Amino acid sequence: MNHLTIKVCLLAVFAASAAVAETTAIVGATAHTMGEQGTIENATIVIEDGRIASVSAGTSPPAGATTIDARGKIVTPGLFSPVGYLGLVEVGLSAGPRDAAQLGDEFTAGFDVADAYNRRSTLIAINRVEGITRAVITPGPGWPDELGNTGHVLSGLAAIVNLGDSGDAIERRAAAMIVNLGEGGSGLAGGSRVGALLTLRNALNEAIDYNDHRDDFERGARRTYSHSVADLEALQGVLSGATPLFVDVNRASDIEVLIQLVEEYAIRAIISGGAEAWMLAEQLAAAQIPVVLAPQDILPGNFDKINARRESAAILAAAGVTIAFADGQSHTHNARNITQSAGNAVAYGLPWADALHAITLAPARIFGVADSVGSIEAGKEADIVIWPDDPLELTSYPEQVLIKGQSISMTSRQTLLRDRYLQSDSDKPPAYRK
Amino acid sequence: MKRSIVAIAAFAVLIAACESRQGDDASAPYASRYQPLPGAATLLAGATILTGTGARLENADILLRDGEIVAVGAGLSQEGATVVDATGRWITPGVIDVHSHLGVYPSPGTASHSDGNEATAPVTAEVWAEHSVWPHDPGFVTALAGGVTALQVLPGSANLIGGRGVTLKNVPGRNVQDMKFPGAPHGLKMACGENPKRVYGSRGVAPGTRMGNVAGYRTAWIAAADYKKKMEAAEEGKGEPPLRDLKLETLAGVLSGEILVHNHCYRGDEMSIMLDIAKEFGYKVTAFHHAVEAYKVADLLAENDTCAAMWADWWGFKMEAYDGIRENAALVDLAGACAVIHSDSAVGIQRLNQETAKVIGAAARAGIDIAPERAIQWITSNAAKALGVSELTGTLEPGKMADVVLWSGSPFSVYTRADQVYIDGALAYDRHDPSLNPVTDFTLGTSAAAGGAQ
């Protein structure tokens, strides 16, 4: 590294740290705050030290503030991906890091993906330039391999990350515990959905027993458990209500069983998938069980989804169920497509504001971080996206994304590839175009 | 007398023409028995029309009669036609998906239904996807609700050469022959890259590498060329024909240009190799499918008149998909090559218009302006070209099959839905009319029947 490079690096570091301390104001946009202020025309959003200091209409930015002119633009909170393997998986099949699942018996409930999160993964930049600023990263089910090693009904602990550049990407550990019921669970449990439920009950019962008899257990005066101590400790969060179960389940009858189980153990749950959840909208609202769904998922891909329908999101929301959107195809590489899910829900009856809510504040609430993100309100961290027009339209791309008040670089490995092959006037091979 | 002979001859020609339009060689095995649904002359009036030829007409009408498009333009006569007020709405040619596994990998996706990959040998040119198609796949009707009027159902990509694909009209049928697109050539599914080498390499048999893949294609084409030569010689009275061989018959059909090659291929460098194989054996690659790196070799595709059928944004699910970019189709189009957006998915096929919209937006972000009238060609006329049916459908021009979608707004808005879908001039789907929301046998009695498509 030569002296010039060092100087440039130092300058960059200085500039980056200075930017945090500075005051930034986004001025002139139509701001969909998702907070009590609703939608504000000609908004002035003041950001100090990475947090939103004030949100108002038509006021002048504070003296000395770095101003982002957003007249004629749309501003929304950063988008929140509610499920997937961002930062855990680089390439899905036969290649690259895949840290979302662990086969074998050693860990189930205690398998915590947070430490595997790679904020420098190419997927992070690719998704954040399209507006994703926070994500729930989840362990995967880990389907059986050729040797017969299998994944688990309880896949482990999800975490919440920010997609910013700072080292403190993990916002919250043990944000949810992933559970597979229904057809997916039966495959992991050995053939029947009954097995999946028994596995879950057994884990909860052991965790209760362990907690009630810790001293005896440590003295070796208590029966052995089928779960490791790490698993039993992780399950304490579920029993205390701090960690909701995040349950992959689709069939209405399985959801009915889940509602009973949640009541019986006085724990919290979130449904992932929920193809037939609309049939139980009232019950889910009463039980305060949110649903993370992909509204495009309307085919009976298996017998658990036989009553899937287009209007699911609208029906659930109208009944008072909190909903959030996953993307319809890949939960990970294209987490960015949650805007498409939201737009399609609008096409089939969900009010537009509810759809935006379902990709911003709703997931923040569902996963317990709405005190710090999810809306553009004073005191919250400044995750903000500036759009040229309607963010749910697929032709719309963010012009600038801020994470914790920082304007992120709007380049990604994909924009670099694009630009390399757009430079067709070069007479050298692409490898010389950077 | 003479005159009547001429008249009879003309009549015979007309009948022949009609037959070829309805089902070409009806005596051929597994021939199309497609019959258009009952329809009436219809005038869709006052719409924004994207013709599929690159034109956009405002406040324009389109007249459909006897299964054909009669006229497109302003102020058409309403005489004798059912008039649909299309003011404020958009009209496009029917959406065509060149890459589907509906029917061969249907919903529900049980093992009993897994009929898309004859993964028992790396070259299975003898199998035909149509012999696996389950017409009661609910995916056909959800695709219809997305404006899809025709689709090619292909075998999967486990094999180097997977078998014949079939082009269908997206009408509910009791069997596949009721759906077969009359006059459409067969496709041949080939696959590059990871899938064949993984499937067979993991069993310890060839191919286990990309070079093994290439050796496999070449070996197959050598046998096909020999078979074709012997068949032709026998036709000329030189020697006995060889025993009929289903595998070589299909491959010889490619060499004689009757069957179109649809080649699953992600990487640009592999497409380049495949084009050279085609040169070596004298066939044409009609389209590369998936073509995630088509943007890297768009000039080669243009030179070879080879289409690239692409997703808008699938990437990273395997190594050969790692370099996918959303501008792919736009860059292919910009290079003058034939760009197609395909689905390869029972979900994606329902929204090919939305997938196209993503590319329009990404291109705009890169400073490339793609007008709607241009982009619509990626899922209509260019797709028809890739399937060898561009003389019959894919554009809104007089004389073409009246395969038409009436959209509630711009097809590239996420809020837009297909209001009406016409296939050969017959209303096959109407979002507002439950009697025109077909329900497959499988979904009868479920919520899909109670409004899943409305």
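Figured I'd write up the structure that's included with this text. (Residues numbered from 1 in each chain as written. Chains lettered and ligands numbered in written order. Predicted model: local features only at pLDDT ≥ 70, side-chain atom pairs only at ≥ 80, totals over all residues.)

### Remarks on the overall build of chain A
Within chain A one finds 13 helices and 16 strands. Compactness check: chain A gives a C-alpha radius of gyration of 23 Å against a globular reference of 22 Å for 434 residues, within 12% of the reference. Dimensions of chain A along its principal axes, counting C-alpha atoms only, are 65 × 55 × 50 Å. Out of the 434 residues belonging to chain A, those deemed buried represent 55%. (Helix = DSSP H or I, 4+ residues; strand = E, 2+ residues; numbered from the N terminus. Rg over C-alpha atoms; globule rule 2.2 N^0.38 Å. Buried ≥ 20, exposed ≤ 12 C-beta atoms within 10 Å, placed from the backbone.)

### Considerations on the overall build of chain B
If you tally the helices and strands in chain B, you get twelve helices and 16 strands. For 454 residues, the compact-globule estimate of 2.2 N^0.38 gives 22 Å, and chain B sits close to it at 22 Å. Per-residue burial over chain B gives 57% buried out of 454 residues. Of the contacts made within chain B by residues no fewer than 6 positions apart, 70% connect residues no fewer than 24 positions apart. (Contact = placed C-beta atoms within 7 Å.)

### Focus: the sheet that holds strand β12 (residues 307-310) of chain B
All names here are of chain B. Judged by pairing direction, the sheet is mixed, and its eight strands sit side by side in the order β6-β7-β8-β9-β10-β11-β12-β13 without closing on themselves. Only two strands of the sheet have a single partner each, and these edge strands are β6 (95-100) and β13 (339-341). On average, adjacent strands in this sheet sit at an angle of 25° to one another, irrespective of strand direction. Pairing of strand β11 (residues 285-290) with β12 involves four bridges; the strand directions are parallel. Residue Ala287 lies in a different strand from β12, and its bridge partner there is Cys307. (Pairing = 2+ DSSP bridges. Axes fitted to C-alpha atoms, helices over the stretch in contact; angles between N-to-C directions.)

### Let's talk about the interface of chain A and chain B
Chain A puts 38 residues into the contact, and the matching count from chain B is 43 residues. Those elements that provide at least two residues to the side of chain A that touches chain B are α10 (338-347) and α13 (413-422) of chain A. Looking at the side of chain A that touches chain B residue by residue, the class counts come to 17 nonpolar, 17 polar and four charged. (Nonpolar A, V, L, I, M, F, W, Y, C, P; charged D, E, K, R; others polar.)

### Looking at the sheet that holds strand β6 (residues 79-81) of chain A
All names here are of chain A. On the basis of which strands lie adjacent, the open sheet formed by eight strands has the order β6-β7-β8-β9-β10-β11-β12-β13 and mixed pairing. Looking at strand neighbours, the two that pair on one side only are β6 and β13 (323-325), the edges of this open sheet. On average, adjacent strands in this sheet sit at an angle of 25° to one another, irrespective of strand direction. Sheet topology note: the strand β10 (residues 245-249)/strand β11 (residues 269-273) ladder contains five bridges and is parallel. For Leu245, the partnering residue across the bridge sits in β11 and is Ala269. Along the sheet face, α10 touches β6 and β13 and points at about 125° away from the line of β13.

### Some words on the nonpolar core
Of all hydrophobic cores here, the largest spans 269 residues; its most connected members are Ile45 and Met177 of chain A together with Ala308, Val332 and Val340 of chain B. Looking at which element gives the most residues to this core, the answer is helix α4 (residues 193-212) of chain A, with seven residues. (Core = buried A, V, L, I, M, F, W, Y, C linked by C-beta atoms within 7 Å.)

### Overview of the packing of helix α4 (residues 210-235) of chain B against helix α5 (residues 246-255) of chain B
All names here are of chain B. Between α4 and α5, the shortest axis-to-axis distance is 8 Å and the interhelical angle comes to 85°. In this view, α4 runs roughly perpendicular relative to α5, as classed from their interaxial angle. Contacts between α4 and α5 involve Ala220, Trp221, Ala223, Ala224, Ala225, Tyr227, Lys228 and Met231 on the former and, on the latter, Leu248, Leu251, Ala252 and Leu255. Residues that form the contact of α4 with α5 fall into these classes: eleven nonpolar, no polar and one charged. (Parallel < 35°, antiparallel > 145°, perpendicular 65-115°, else oblique.)

### What about unusual backbone geometry?
All names here are of chain B. Between Ser107 and the following residue, Pro108, the backbone shows a cis peptide bond with an omega angle of -5°. By the element assignment, Pro108 lies in the loop between β6 and α2 (138-145). Cis geometry is found at the peptide bond from Ala206 to Pro207, where omega equals 0°. Looking at the secondary structure, you find Pro207 in the loop between α3 (194-201) and α4. In this structure, Asp424 takes a positive phi of about 50° despite not being glycine.

### Considerations on the environment of Lys247 of chain B
Residue and element names in this part refer to chain B. Topologically, Lys247 is positioned in helix α5. Considered as a pair, Lys247 and Thr42 are 205 residues apart in the sequence and their alpha carbons are 45 Å apart. Beyond its immediate sequence surroundings of up to four residues, Lys247 is in contact with Val123, Ala125 and Glu126.

### Quick look at the pairing of strand β7 (residues 132-137) of chain A
Residues and elements named next belong to chain A. Among the six residues in β7, six count as buried, and that is most of the element. In the sheet, β6 pairs with β7 via three bridges, with the strands oriented parallel. Each bridged residue has a counterpart across the sheet, and for Ser81 the counterpart in β7 is Ala135. Both β7 and strand β8 (residues 154-162) contribute to a ladder of four bridges, which runs antiparallel. Paired with Val136 across the strands is Ile160, a residue of β8.

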